[in-house]
Structures are given as structure tokens and as C-alpha cells.
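What the coordinates show
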Amino acid sequence: QVQLVESGGGLVQPGGSLRLSCVASGRILSINGMSWYRQGPGKERELVATITSGGRTNYADSVKGRFTISRDSAKTTLYLQMNSLKPEDTRVYYCSFSNIYGANYWGQGTQVTVSS
């Protein structure tokens, strides 16, 4: 059974940095996308960044130039480097892996709080 486990969240001051990690246990066949989403209280989950199997990346406008998504070559670990964090980045962050068969796998989420 596939599980995704996020880590790296926490409390950081505005302007600070955090690096989120998402490790997959179990084998996911034919991954075609790995993404980070975030969700705040009473808000819809929003896409933050995506990296395709070919390494192409895409970012939400609100994080461009501040966040960097990356993965390991085995496609078992996904990262999100977050710099210049702002209070409005405070959310629960989720990782998601998808494959060519239409399956989507989600982690349990990790809280990121940006506050002085």
C-alpha cells in the first residue's frame, strides 16, 4: 500500500525559509506528476507547484521566485524549498503523486505557520 509522508513544516518568521519533504513508501507505477498543494481554514485546496516526470516545473503565481519544487531521481521523494516566506503562506501543505492510470495519492499534510 502506498503512503506519502510529509515533513519539514513548522513555525518560521516572515522572510524565513523552510524545506518540505514528502517520502513515498510502497511502489507507485508510472508516475507522471508530483505536486504540492496547500489549504487554509475555510479555503479550497490550491495547487502550489508541480513537477512532471520529465522534470518540467510549474508554480502558482503567488509563489513564483520564492518556492522551488524538486524530486529525487527515483521519484520517491519530493521537496519544496520555500524562501522569503510571508504570513499569507500559512497553510497546511500536502504532497500528491499521480500516475498515468489516473490514480492520485495524498499525504496527510504538514502545517506551515509564518508569524513573528
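This report concerns the structure included in the present document. (Residues numbered from 1 in each chain as written. Predicted model: local features only at pLDDT ≥ 70, side-chain atom pairs only at ≥ 80, totals over all residues. Heavy atoms only, no water.)

**Comments concerning the state of the cysteines**
Note the cut-off: Note that a disulfide, as used here, is simply two cysteine sulfur atoms within 2.5 Å. Helix numbers and strand numbers start at the N terminus; a helix is a DSSP run of H or I with at least 4 residues, a strand a run of E with at least 2.
Counted according to the given criterion, the structure contains 1 disulfide. Disulfide pairing places cysteine 22 opposite cysteine 95 at an S-S distance of 2.0 Å. In this structure the cystine formed by cysteine 22 and cysteine 95 twists about its S-S bond by roughly 60 degrees; its chirality is therefore right-handed. Residue cysteine 22 is found in strand 3 (residues 18–25), and its partner cysteine 95 is found in strand 9 (residues 91–99); the two are separated by 73 residues along the sequence.

**Comments concerning the packing of aromatic side chains**
The condition that has to hold: Aromatic rings from Phe, Tyr and Trp, taking only the six-membered ring of Trp, are treated as a pair when their centres fall within 6.5 Å; an angle between ring planes under 30 degrees marks them as stacked, one over 60 as edge-to-face, and anything in between as tilted. Burial classification: accessible surface area is computed with a 1.4 Å probe over protein chains only, and a residue below 20% of its type maximum counts as buried, one above 50% as exposed, and the rest as partly exposed. By definition, being over a ring means that NZ of Lys or CZ of Arg is both within 6 Å of the ring centre and within 35 degrees of the ring normal.
As enumerated under the stated definition, the model contains 1 aromatic pair in all. Considering the side-chain rings of tyrosine 37 and tryptophan 106, the 4.9 Å spacing of their centres and the 55 degrees angle between planes classify their relative orientation as tilted. Taken as a pair, tyrosine 37 in strand 4 (residues 31–39) and tryptophan 106 in strand 10 (residues 104–106) lie far apart in primary sequence, 69 residues in all. Overall, the relative accessible area of 22% leaves tyrosine 37 in the partly exposed class. In this structure, arginine 45 packs its charged tip against the face of tyrosine 94, placed 3.8 Å from the ring centre. One cation-aromatic arrangement involves arginine 45 over tryptophan 106; the distance from NZ or CZ to the ring centre is 4.8 Å.

**Overview of the pattern of salt bridges**
Spelled out, the test is: Salt bridges are defined as contacts in which a side-chain nitrogen from Lys or Arg sits within 4 Å of a carboxyl oxygen from Asp or Glu.
Taken as a whole and assessed by the stated rule, the structure comprises 5 salt bridges. A salt bridge links glutamate 46 to arginine 38, with the nearest nitrogen and oxygen atoms 2.7 Å apart. Among the salt bridges present, the one from lysine 64 reaches aspartate 61, with a minimum N-O distance of 3.1 Å. Residues joined in a network through salt bridges with shared partners are Arg38, Glu46, Arg66, Asp89 and Arg91.

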